[in-house]
Amino acid sequence: MSLIPGFGGSALFAAFAISTNSAARLCAALPQRVAGLFFAPQNGLVHYFKTMEATDQTFKGLYHWNFFDASMLIPYFGVMILLSIYGMHRYTLCYRYYKFRKNYNPEPPRRFDNLPRVTVQLPIFNEQFVIDRLIEAVCAMEYPREKLEIQVLDDSTDETQEVAAGIVARYAALGHPIVYIHRTNRQGFKAGALANGLTMTKGEFVAIFDADFVPPPDWLMRVIHHFAEPEIGMVQTRWTHLNRGYSMLTEIEAILLDGHFVLEHGARVRSGEYFNFNGTAGMWRLQAILDGGGWQHDTLTEDTDLSYRAQMAGWKFKYLPDVECPAELPIEMTAFKTQQARWAKGLIQVSIKILPTVWRSKTTLRNKTEAFYHLTANMSYPLMVIMSAFLMPAMICRFYQGWFQMLFIDFPLFAASTFSIAVFYVESQRILFPKTWKRTFLYLPFLMAIGIGLTVTNTKAVMEAIFGVKSAFARTPKYRVAKKGEKSVGAKKYRKRLLIAPWIELLLGAYFLLAILYTFSNQNYVTAPFLILFVIGYWYTGLMSLLQGSFERWRTGGAINEEASPKPFPVGV
């Protein structure tokens, strides 16, 4: 799953502002020229715009097009156009969400006379701080015990083994149908654990919850009856957030997830297009898993991979936004970046694996096109890197150009890409929180800045996928933190180690600071606020990645024991 597709459009903030000096001349001359549009003898629009361009003589004789400018501006605008195409897709998702709103029915068309047997799978890996919360919630779910089976699929390499086994034994002694299954190897990672559990399952339907989720008691009963329709192969429910208000970072993460679960899923399902299981908080028909080829671990997003294979096999999927399942958001930047990089790499891997089959299939052209947008959206991150590299040369090349290209090139690209981000996420909040949605505007600049800051790690992940570089499934650590100011007990044990990415982010922030100084030297003050987003984005993600451990040491008054993290645990970005 990808949360932040097409975020390269944030770069167009700066691109749009490059020509703002010349825009002042446009504003001064506009009333007279508009009057001429209606009263001049030559009343054609083409003639009018040619006249406007010809009268902008400010830099005539000072600027001449040359090869260097072409070599800078052609790839620059080429990348801007590609990013704008992905931006326009966000508008189409919003449009389809409302156009097909009558296609959603929260109630199952029919119900089972006799409830079927259900297996609940809980794949975990080194989750000792949240496993008791998860098992307690699942055992409290309302479903006949004689028709329920709970599998704790534990691949842990640390103390979680003893903790989980003890909790399972306690609940089993109380009469709950729960079993503990531990593998001595992590072959296939999460996909391998799920597949191994299926070899021992007795259920016709399989619900899956990750360790950081807390399903409500009525979850199973609200979902199972949708499978009374024999063509339904999977039902996904909406994630909500246990610790949304913990920090600025978790607030932004929540907004990003809400956009995905409200508008992306909503638009695709309502218009009858393929969409994906999100790896947790969903239920499968066992036969749909088998018909789709089973769980496979050749990508890092095994959930999306199986989703497309099962739908191409003829199964229908349903999405229930009214059925909520709370989960814990990552509270540290390194954990968030690791999660996003895994999703970015996994979706590109799935696109390479699945898209050729999708295009050869008999599904509709609209479905094929939407699958392309969905699975390739993370290509915006390497495009963003190219945009960043060409931004300063483009600013220098365009300093002596007039306002005309700003109005007819920059502004449409700006509206298509950057403005679409604001529309997409603000609209998702308006749908979910009709009374408080306007506060989303306060978070938008930081949301865009963090989207920019993720380009380094996500570009690395995308390029690894393209070139076939394999990597371990790096799970997102959970610290069982829900309230603002609450101490992260598990941070000392599961905090990700750092590599070179934060230093690259700091250097990029310095590069854009130089760009801001350049704009001031040319008195192009309006451009600076847009470029500040780049500085904030890169420095915030870089500094938070480097200093998160220092913050914890400062709060606890002692050093962090690095040896507490077991060696088999995969390192972070």
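Here's what I pulled together on the structure shown here. (Residues numbered from 1 in each chain as written. Predicted model: local features only at pLDDT ≥ 70, side-chain atom pairs only at ≥ 80, totals over all residues. Heavy atoms only, no water.)

### Examining the overall build of the chain
This is how the line gets drawn: Numbering of helices and strands runs from the N terminus, with a helix taken as a DSSP run of H or I at least four residues long and a strand as a DSSP run of E at least two residues long. The criterion used for residue contact is that any of the two residues' heavy atoms lie within 4.5 Å. Only the protein chains shown count as cover for residues, and the accessible areas themselves come from Shrake-Rupley with a 1.4 Å probe.
In terms of regular secondary structure, the chain is built from 20 helices and seven strands. Across the chain, every contact between residues at least 6 apart in sequence was considered, and the portion connecting residues at least 24 apart equals 85%. Counting every atom, the chain has about 23,600 Å² of accessible surface; 65% of that belongs to carbon and sulfur.

### Observations regarding the pattern of salt bridges
Test applied: Each reported salt bridge corresponds to a side-chain nitrogen of Lys or Arg within 4 Å of a carboxyl oxygen of Asp or Glu. Each residue gets one of three labels from its accessible area relative to the maximum for its type: buried under 20%, exposed over 50%, partly exposed in between, using a 1.4 Å probe on protein chains only.
The full count for this structure, using the stated rule, is 21 salt bridges. The partner of Arg-96 in a salt bridge is Glu-273, and the shortest N-O contact between them spans 3.0 Å. Note that Arg-96 is positioned in helix α4 (residues 67-99) and Glu-273 in the loop between α9 (248-270) and β6 (282-285), a separation of 177 residues in sequence. The residues Arg-96 and Glu-273 share a single accessibility class, namely buried. Put simply, Lys-318 and Glu-229 hold a salt bridge, and the shortest N to O gap is 3.5 Å. One end of the pair, Lys-318, is in strand β7 (residues 316-327); the other, Glu-229, is in the loop between α8 (219-224) and β5 (232-241), and 89 residues separate them in sequence. For Lys-318, a relative accessible area of 15% puts it in the buried group. A relative accessible area of 14% places Glu-229 in the buried class. The structure contains a network of salt bridges with shared partners spanning Arg-96, Glu-264, Arg-268, Glu-273, Arg-366 and Glu-370.

### Thoughts on the pairing of strand β4 (residues 205-208)
This is how it is decided: Pairing between strands requires that DSSP locate at least two bridges from one strand to the other.
Burial along β4 is two-sided: the face carrying Phe-205 and Ala-207 and the face carrying Val-206 and Ile-208 are both buried. Pairing analysis gives four bridges linking strand β1 (residues 118-124) to β4, with the strands arranged parallel. Looking at β4, one finds that Val-118 is bridged to Phe-205. Sheet analysis places β4 next to β6, joined by four bridges and oriented antiparallel. Paired with Phe-205 across the two strands is Arg-285, which belongs to β6.

### Focus: the environment of Leu-543
The residue Leu-543 is located in helix α20 (residues 527-556) in this model. On the basis of relative accessible area, Leu-543 is assigned to the partly exposed category, the value being 38%. Counting along the chain gives 38 residues from Leu-543 to Glu-505, while the straight-line C-alpha distance between them is 8.6 Å. Residues in contact with Leu-543, not counting those within four places in the same chain, are Leu-506 and Gln-548.

### A short note on helix α11 (residues 302-312)
Burial within α11 is extensive, with ten of its eleven residues counted as buried. All buried positions along α11 are accounted for by Glu-302, Asp-303, Thr-304, Asp-305, Leu-306, Ser-307, Tyr-308, Arg-309, Ala-310 and Gln-311. Packed against the buried residues of α11 are α7 (189-198), β6, α10 (286-291), β7, α12 (333-360) and α13 (365-376). Of the residues one or two after α11, Gly-314 is the one with positive phi, at around 110 degrees.

### A closer look at helix α19 (residues 501-521)
How we decide: The span expected for a helix works out to 1.5 Å for each residue beyond the first. To be clear, the arc concerns the directions from the helix axis to the C-beta atoms.
When the terminal C-alpha atoms of α19 are compared, their 31 Å separation across 21 residues agrees well with the 30 Å that a helix rising 1.5 Å per residue should span. Within the span of α19, buried status applies to Ala-501, Pro-502, Glu-505, Leu-506, Gly-509, Phe-512, Ala-515, Ile-516 and Thr-519. Relative to the axis of α19, the buried residues are bounded by an arc of 165 degrees and lie together on one face. Facing away from the buried side of α19, by more than 90 degrees, are the exposed residues Trp-503, Leu-507, Leu-514 and Ser-521. Positive phi shows up at Gln-523, right after α19, with a value of about 60 degrees.

### As for the sheet that holds strand β3 (residues 178-182)
What counts is decided by this rule: Axes, fitted as lines to C-alpha atoms, cover a helix only where it is in contact. Angles between the N-to-C directions of the axes lie from 0 to 180 degrees.
One open sheet holds the seven strands; their spatial order is β3-β2-β1-β4-β6-β5-β7, and the pairing between them is mixed. Here the strands that pair on one side only, and so sit at the sheet edges, are β3 and β7. For this sheet the average axis-to-axis angle between neighbouring strands, irrespective of direction, equals 20 degrees. Bridge count between β5 and β7: nine bridges; the pairing is parallel. Counterpart to Val-235 in the pairing with β7 is Lys-318. Of the strands in this sheet, β1, β2 (148-154) and β3 are in contact with helix α5 (residues 131-139), which crosses β1 at around 175 degrees. α7 rests against β1, β2, β3 and β4 of the sheet, and its axis sits at about 150 degrees to β1.

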